[in-house]
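# Breakdown of the fold
In case you want the letters, here they are:
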2 protein chains.
Amino acid sequence: MDIASLADAVQRGERRAVARAITLVESTRPEHRAQATALLETLARTGREAIRIGLSGTPGVGKSTFIESFGLMLVEQGLRVAVLAVDPSSKRTGGSILGDKTRMEQLSRSPNAFIRPSPSQSHLGGVARRTREGVALCEAAGYDVVLIETVGVGQSETVVAELSDIFLLLLAPAGGDELQGVKRGIMEAADIILVNKADGALKPAAMRTCADYAGALRLLRRRPQDPEGFPKAMTVSALDVSGLDVAWSEICKLVEWRRAQGHWQTRRAEQARHWFQEEVRQTLLARLDSPQARAVMQTLSGQVADGQITASRAAEDLFARIWPEMQPTNPPESLDAATDTP
Amino acid sequence: MDIASLADAVQRGERRAVARAITLVESTRPEHRAQATALLETLARTGREAIRIGLSGTPGVGKSTFIESFGLMLVEQGLRVAVLAVDPSSKRTGGSILGDKTRMEQLSRSPNAFIRPSPSQSHLGGVARRTREGVALCEAAGYDVVLIETVGVGQSETVVAELSDIFLLLLAPAGGDELQGVKRGIMEAADIILVNKADGALKPAAMRTCADYAGALRLLRRRPQDPEGFPKAMTVSALDVSGLDVAWSEICKLVEWRRAQGHWQTRRAEQARHWFQEEVRQTLLARLDSPQARAVMQTLSGQVADGQITASRAAEDLFARIWPEMQPTNPPESLDAATDTP
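Remember, predicted model here, so these are calculated numbers, not experimental data. (Residues numbered from 1 in each chain as written. Chains lettered and ligands numbered in written order. Predicted model: local features only at pLDDT ≥ 70, side-chain atom pairs only at ≥ 80, totals over all residues. Heavy atoms only, no water.)

## Comments concerning the sheet that holds strand β1 (residues 51-56) of chain B
Residues and elements named next belong to chain B. Read from one edge to the other, the open sheet built from 7 strands follows the order β3-β2-β4-β1-β5-β6-β7, with strand pairing classed as parallel. In this open sheet, the two strands that pair with only one neighbour each are β3 (113-115) and β7 (232-235). Adjacent strand axes in the sheet meet at a mean angle of 20° when their direction is disregarded. Where strand β2 (residues 81-86) meets β3, 3 bridges bridge the pair, whose relative direction is parallel. By the bridge assignment, Val83 is partnered in β3 with Ile115. (Pairing = 2+ DSSP bridges. Helix = DSSP H or I, 4+ residues; strand = E, 2+ residues; numbered from the N terminus. Axes fitted to C-alpha atoms, helices over the stretch in contact; angles between N-to-C directions.)

Spelled out as structure tokens, the structure:
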């Protein structure tokens, strides 16, 4: 299949074509990269835009069940839903966590849903790019909502926050009245905190936890991109499918407000700038994977390990040998400008 | 002062020269970098080696007091001690945390101690390099022990673990019998866990906490680089200066064993390889700071933000314009090799 046909099929929303296109953007081979770039360029012309919802939460809070229930609700409302995952740790755990589609069995059976297992090989830069391009492909395919789930911790949350229009933080009811170990940065990135498992015996605990977080959110300064009352905390039960409709209507309210106020477009433009810079960094670093660079690095690496040469001299040698034109050319200056005299 | 004279003064252990040399390696100007590389190369020939001790612990566990007491004890034994800090977050907090030398007032007054405030500007790659080179300078200056303190959290701990021969984790007595929120990775990197504040009313709690961690450490698999009984947990009081001598003799025991078994040299060689790769990555990324690259990036960044061009195409354009010789040259191949047919 050529790129033009693939682009057409993606635009028609054919799920197999979307899966194929994602595999293409995930490929690290230079010739595939060129094709991926061409494909993304063609598809960018559709100008289609989804609501990109980032979803974070520690293991055990019920993310899969939430995505299943929330996704099915949206599908029943006639929306088309895509689910992607960011999982920089999947290398260690030996595979895709979302790979097991039975995790979202009903949703994955719906013709209006697309679930992409997380790629199994990964360094963070690569994962971020692939996810970002996966989101772009889903938008071009006409999905109305793209759910981007963080699997793993730490930096993947930052990646998702930088990818999404709306960032949801899913929490479980806490045992006591103590806030769970949520990092401040994540809390500050959240637009809506959803305390899940507000069902059965856990319901009172969920309501208390929700009140605690609502209190904590009130302590944060209101952000310019938020209308009155946001960010907010609310309870949901993915199991009982309760509160999900309210959560969705809050999301829609936020989207409408941000669109009307111009924050939506500003944020998308900022994110685009950020991703371009990341793309440049990753593309540059990928040059180190060339056979020539690898060979020189291996030799120098051995010399550094033996103490024959310092790491900084070895790095200079490397660049002088493989990319001489990239050397800094500034003439040496007096040392005194750099050093202090304590 | 020229590089040869500076190198001589550093080798004579003159503290002002060491401070000056560190300022030079911290400079980001290309001409200073060339001088720093030359200086480090000259000094590498001394072949001097210190015991590099990494020290991590959340705020409030008493790191400064520990360094003060522990450093003074070593100085009293006739050893020369250098203290460096890794603080990638100092940019945000607006300055050097170690800058306030009164934090370690007595130690800083000793002629056999050298305390370096953490640099105030930082991105992680830069901080890691500067710290690594600072350690090398302190070794060349004949310090017997280099204490590398993590300030801030997360990645700085990884940096310190990759820099040190011995990694200490300092903890405070826990309120209950529960393990504090220590990340598994940090716990696994620790050679010795020191439960501080084993003094006064906190002593029983410190002993309980120590027992808890000792139990947790027994659950970890024994590492090939450890003799019987390591990693271990012990109590200390930096305030009462108790347990510090025992901690130091355990450190020496570990150092001797690892030297005798060959693990010491293996680890240093692995670390050197790692730092060389990091150096290459950082040197490469630093090329993006050239005025030409910045100008092209700014233009393209605006076009990406406006949606005129995709991030991946813009990155390709950038490299084609400023470093055409770095472009990947592999010929395009069939798409089918990359894509799957689900």
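Right, picking up where we left off after that structure.
## Topic: the packing of aromatic side chains
Per the stated rule, a full pass over the model turns up 8 aromatic pairs over all chains. With 5.1 Å between their ring centres and 15° between their planes, Phe66 of chain A and Phe70 of chain A make a pair best called stacked. Taken together, the residues span about one helical turn, with Phe66 of chain A and Phe70 of chain A both in helix α4 (residues 63-76) at a distance of 4 residues. Taken as a pair, Phe66 of chain A and Phe70 of chain A share a single burial class, namely buried. Consider the rings of Phe70 of chain B and Trp248 of chain B, whose centres lie 6.1 Å apart with planes at 75°: the pair is edge-to-face. (Phe/Tyr/Trp six-rings, centres within 6.5 Å; stacked < 30°, edge-to-face > 60°. Buried < 20%, exposed > 50% of the residue type's maximum accessible area, 1.4 Å probe, protein only.)

## With respect to the pattern of salt bridges
Residue and element names in this part refer to chain A. As enumerated under the stated definition, the model contains 44 salt bridges over all chains in all. The salt bridge partner of Arg12 is Glu14, with a shortest N-O separation of 2.9 Å. You can call Arg12 exposed: its relative accessible area is 57%. A relative accessible area of 36% means that Glu14 is categorised as partly exposed. (Salt bridge = Lys/Arg side-chain N within 4 Å of Asp/Glu carboxyl O.)

## Some details on the sheet that holds strand β7 (residues 232-235) of chain A
All names here are of chain A. Spatially, β3-β2-β4-β1-β5-β6-β7 is the arrangement adopted by the 7 strands of the open sheet, whose pairing is parallel. Edge strands, defined here as strands with exactly one partner in the open sheet, are β3 (113-115) and β7. Going from strand to strand, the sheet's axes swing by 20° on average, the running direction of each strand aside. Contacting β5 (166-171), β6 (192-195) and β7, helix α10 (residues 203-219) runs over the sheet at an angle of about 175° to β7. Sheet strands touched by helix α11 (residues 244-261): β1 (51-56), β4 (145-150), β5, β6 and β7. Its angle to β5, the strand with the most contacts, is close to 155°. (Contact = heavy atoms within 4.5 Å.)

## A closer look at the environment of Ala38 of chain A
With respect to the element layout, Ala38 of chain A can be found in helix α3 (residues 30-44). With relative accessibility at 25%, the residue Ala38 of chain A sits in the partly exposed group. With 34 residues separating them in the primary sequence, Ala38 of chain A and Ala4 of chain A have C-alpha atoms 9.1 Å apart. Excluding residues within four positions of it along the chain, Ala38 of chain A makes contact with Ile3 of chain A together with Arg313 of chain B.

## Thoughts on the pairing of β1 of chain A
All names here are of chain A. The element β1 is extensively covered by neighbouring structure, given that 6 of its 6 residues are classed as buried. Covered by surrounding structure in β1 are Ile51, Ile53 and Leu55 together with Arg52, Gly54 and Ser56, the residues of both alternating faces. Here 5 bridges tie β1 to β4, and the two strands are oriented parallel to one another. Looking at the pairing, Leu55 lines up with Glu149 of β4. With 4 bridges joining them, β1 and β5 adopt parallel strand pairing.

## A short note on the side chain of Glu68 of chain A
All names here are of chain A. Tracing the backbone shows Glu68 in helix α4. Of the side chains with opposite charge, Arg109 lies nearest to the buried Glu68, which makes no salt bridge, at 7.0 Å. Polar side-chain contacts of Glu68 include one of 3.3 Å to the backbone nitrogen of Glu105. (Lys, Arg positive; Asp, Glu negative; His and termini not counted. Polar contact = N/O pair within 3.5 Å; in protein donor to acceptor, adjacent residues only side chain to side chain.)

## Remarks on the environment of Ala9 of chain A
Residue and element names in this part refer to chain A. Structurally, Ala9 is set in helix α1 (residues 3-11). Since its relative accessible area comes to 2%, Ala9 is described here as buried. Once the C-alpha coordinates of Ala9 and Glu133 are considered, the two residues, 124 residues apart in sequence, prove to be 17 Å apart. The contact partners of Ala9, leaving out residues within four places of it in the chain, are Glu14 and Ala17.

## Some remarks on the domain arrangement of chain A
Residues and elements named next belong to chain A. Taken domain by domain, chain A comprises domain 1 (1-46) and domain 2 (48-261). In this complex, domain 1 contributes 17 residues to the contact, which on the side of domain 2 involves 21 residues. Here domain 1 packs against domain 2, burying approximately 1700 Å² in sum over the two surfaces, 58% of which is carbon and sulfur. When residues of domain 1 are sorted by the area they lose upon contact with domain 2, Arg15, Ile22 and Glu26 head the list and together hold 36% of the total. One salt bridge in this structure joins Glu133 and Arg33, with 2.7 Å as the shortest N-O distance. Summed over the shared surface of domain 1 and domain 2, the result is 9 residue pairs in polar contact (both at pLDDT 80 or more). Listed by contribution, the elements that provide at least two residues to the side of domain 1 that touches domain 2 are α1, α2 (15-26) and α3. (Domains from an automatic or database assignment. Buried area = accessible area lost by both parts, 1.4 Å probe.)

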